[in-house]
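The residues making up each chain are set out below.
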Amino acid sequence: MAKKGDWVRIHSVVLKAAERTAKIPEDTQKCDLEMWTKGTLQEDAEIGDEVTVITAANRTEKGTLIEVGPYYTHSYGKFVPEIIEIDKQLREIMFGGDK
């Protein structure tokens with residue numbers, strides 16, 4: 001259960017596909033315009049409940065609670081051995097060796 005005051009992520013649909021303008025690419029027109037927002041929960045709730053949050057910019061947003069305590073999970077990917085060889089080649093070209 002998420003408690004009032006927890007930092008959470010919510011999801012909402014800003015525009016249904018049928019409501020989108022015809023001035024965007026056809027494949028984009030077929031998709032809902034969705035929004036994921038983080039903020040401070042304004043009431044106790046369970047994942048999947050419709051909730052209200054106050055964002056860091058002090059906006060009030062409503063949506064479906066999807067995560068409590070969200071954090072970044074991206075990375076620069078897995079190790080690529082070729083990068084080591086590229087580094088060696090660049091150092092040789094630029095500086096004449098392993099400096």
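Keep in mind it's a predicted model, so treat the numbers as computed, not measured.

Calculation criteria
Residues numbered from 1 in each chain as written. Predicted model: local features only at pLDDT ≥ 70, side-chain atom pairs only at ≥ 80, totals over all residues. Heavy atoms only, no water. Helix = DSSP H or I, 4+ residues; strand = E, 2+ residues; numbered from the N terminus. Rg over C-alpha atoms; globule rule 2.2 N^0.38 Å. Buried < 20%, exposed > 50% of the residue type's maximum accessible area, 1.4 Å probe, protein only. Contact = heavy atoms within 4.5 Å. Areas by Shrake-Rupley, 256 points an atom, 1.4 Å probe, with all protein chains shown as cover. Pairing = 2+ DSSP bridges. Axes fitted to C-alpha atoms, helices over the stretch in contact; angles between N-to-C directions. Salt bridge = Lys/Arg side-chain N within 4 Å of Asp/Glu carboxyl O. Expected span 1.5 Å × (residues − 1). Core = buried A, V, L, I, M, F, W, Y, C linked by side-chain atoms within 4.5 Å.

*Asks:* Quick one: what's the story with the overall build of the protein, residue by residue and with numbers?
*Replies:* Tallying secondary structure elements over the protein gives two helices and four strands in all. The C-alpha atoms of the protein give 22 Å as radius of gyration, which overshoots the globular expectation for 99 residues (13 Å, by more than 25%). On the principal axes, the C-alpha backbone points of the protein span a range of 60 × 40 × 25 Å. In the protein, which comprises 99 residues, the proportion classed as buried is 19%. Looking at the protein alone, contacts between residues at least 24 apart form 50% of all its contacts between residues at least 6 apart. When the accessible surface of the protein is summed, it comes to about 7700 Å², and 55% of that surface belongs to carbon and sulfur atoms.

*Asks:* For the sheet that holds strand β1 (residues 7-15), give the residues involved together with the corresponding values.
*Replies:* One closed barrel holds the four strands; their spatial order is β1-β2-β3-β4, and the pairing between them is antiparallel. Strand-to-strand twist of the sheet, defined as the mean angle between neighbouring strand axes without regard to direction, takes the value 55°. As defined by bridge partners, β1 adjoins strand β2 (residues 33-41) across eight bridges and the pair is classed as antiparallel. Of the residues in β2, the one forming a bridge with Val8 is Gly39.

*Asks:* How would you explain the pairing of β1 if you had to name every residue and give the values?
*Replies:* As paired elements, β1 and strand β4 (residues 60-68) share four bridges and run antiparallel to each other. What sits directly across from Ile10, in β4, is Leu65.

*Asks:* I'd love a proper account of the pairing of β4, names of residues and values included.
*Replies:* Where strand β3 (residues 50-54) meets β4, five bridges bridge the pair, whose relative direction is antiparallel. The residue bridging Thr52 from the neighbouring strand is Lys62, located in β4. The antiparallel pairing of β3 with β4 creates a hairpin that spans five residues between the two strands, and Asn58 there sits at a positive phi of about 65°.

*Asks:* Before we move on, can you summarise the pattern of salt bridges with the specific residues and values?
*Replies:* Counted under the stated rule, the structure contains five salt bridges. The salt bridge partner of Lys30 is Glu26, with a shortest N-O separation of 3.8 Å. Neither Lys30 nor Glu26 differs from the other in exposure class; each is exposed. In this structure, Glu61 engages Arg59 in a salt bridge whose closest nitrogen and oxygen atoms are separated by 3.1 Å. Its relative accessible area of 18% is what places Glu61 among the buried residues.

*Asks:* Give me helix α2 (residues 82-95): which residues, what numbers.
*Replies:* The end-to-end C-alpha separation of α2 is 20 Å, in line with the 20 Å expected for 14 residues at 1.5 Å each. Gly96 sits one or two positions beyond α2 and adopts a positive phi of about 80°.

*Asks:* Describe the nonpolar core, and please don't skip the residues or the numbers.
*Replies:* Within the largest apolar cluster, eight residues are counted, these being Ala2, Val8, Ile10, Leu41, Ala45, Val51, Val53 and Leu65. If you list the elements that add at least two residues to this core, you get β1 and β3. If sequence neighbours within four positions are ignored, Leu41 has contacts with Ala2, Lys3, Lys4, Gly5, Asp6, Val8, Val51, Thr52 and Val53.

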